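Chain and residue survey
Letter by letter, the chains look like this.
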Amino acid sequence: MTTAPAAPARPLAGRTVLIKCGGSVLDEGDAGRTFAEDVAQLADAGTRVVVVHGGGPQIDTHLKRLGIQPVFRHGLRVTTPPTMEVVRMVLSGQVQRRLVGLLNRERRLAVGLTGEDARTFTAADRQAFHGGQRVDLGLVGDIVDVDDRLLRTLLDAGLVPVVSSIARSADGSGVRNVNADLAAAALAAALRADTLLLLTDVAGLYPGQPDRGEVLDRLTAAEADALLPRLTGGMIPKVQACSQAVRAGVATARIADGRIPHAVREHLLTGRRTGTTVSP
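What comes next concerns the included structure. (Residues numbered from 1 in each chain as written. Predicted model: local features only at pLDDT ≥ 70, side-chain atom pairs only at ≥ 80, totals over all residues. Heavy atoms only, no water.)

Here we come to the pattern of salt bridges. Within the structure shown, the criterion is met by 15 salt bridges. The closest approach of N and O atoms between Glu37 and Arg33, which form a salt bridge, is 3.0 Å. One end of the pair is Glu37 and the other is Arg33, both in helix H2 (residues 31-44) and four residues apart, which spans about a single turn. Look at Arg33 and you get buried, because its relative accessible area is 15%. The closest approach of N and O atoms between Arg176 and Asp125, which form a salt bridge, is 2.5 Å. (Salt bridge = Lys/Arg side-chain N within 4 Å of Asp/Glu carboxyl O. Helix = DSSP H or I, 4+ residues; strand = E, 2+ residues; numbered from the N terminus. Buried < 20%, exposed > 50% of the residue type's maximum accessible area, 1.4 Å probe, protein only.)

Next comes the structure, spelled out in structure tokens:
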């Protein structure tokens, strides 16, 4: 078992960092283990760390086992009631348990919760349109309220909250599936985080997306918004999340390749940054 190299002393002490870990990252070799080591190192350095996680590949796998074909529109999962049951089960019962287990392997560090707990997330039905026509996404929501009291209590106790992006519906009709990137942005804004780091399975944002080329190093929020019409798939909510976060007061938001061993350490503790950074 390898250990993370020593980092500069307490570079983010007292600051809040929001890390979104995609489900694809957790399936990539040792990435899950090194991610946990990096988060523990941040916490040891006095950083207040919150993790929001996805689980798209794991949800797709379970849906297909049940004979349900995953459907996406505008980068968001169309969520029927049967799909919602799978989303809740996989996110909080499988992916979150793995992350919490990795973080707690050496000592008591992480606490798992969903946006339903203590009404942390409240969401209204997402309104999506294409060609002037409303697109029905089912039980998909946009966060309209964040109650961060539970998270702040955990952070004050030196713990790392690991949050699944399930929200209570604003109309009280049940729960809503919220894209994890957008949930991370809303939570980063509510906590007044210093940094939002989105770890995914690509190297960053490409100028000719979806065509590959040299990764864009830095964008303003306005420049990121201008790219949205030509983006596809899961990159759409990632860029939206970065733009929304920095407009709401988060200093920087970054899309980075989480498949790289110790990706968190590379971006937050060494200054050797790759990927795409969005700033106000």
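Although it is not a glycine, Ala118 adopts a positive phi angle of roughly 55 degrees. When you line up the elements, Ala118 lands in the loop between strand S5 (110-114) and strand S6 (121-125). Its identity is not glycine, yet Arg119 carries a phi of approximately 55 degrees, on the positive side. Within the secondary structure, Arg119 sits in the loop between S5 and S6.

This is a description of form; function is not addressed.
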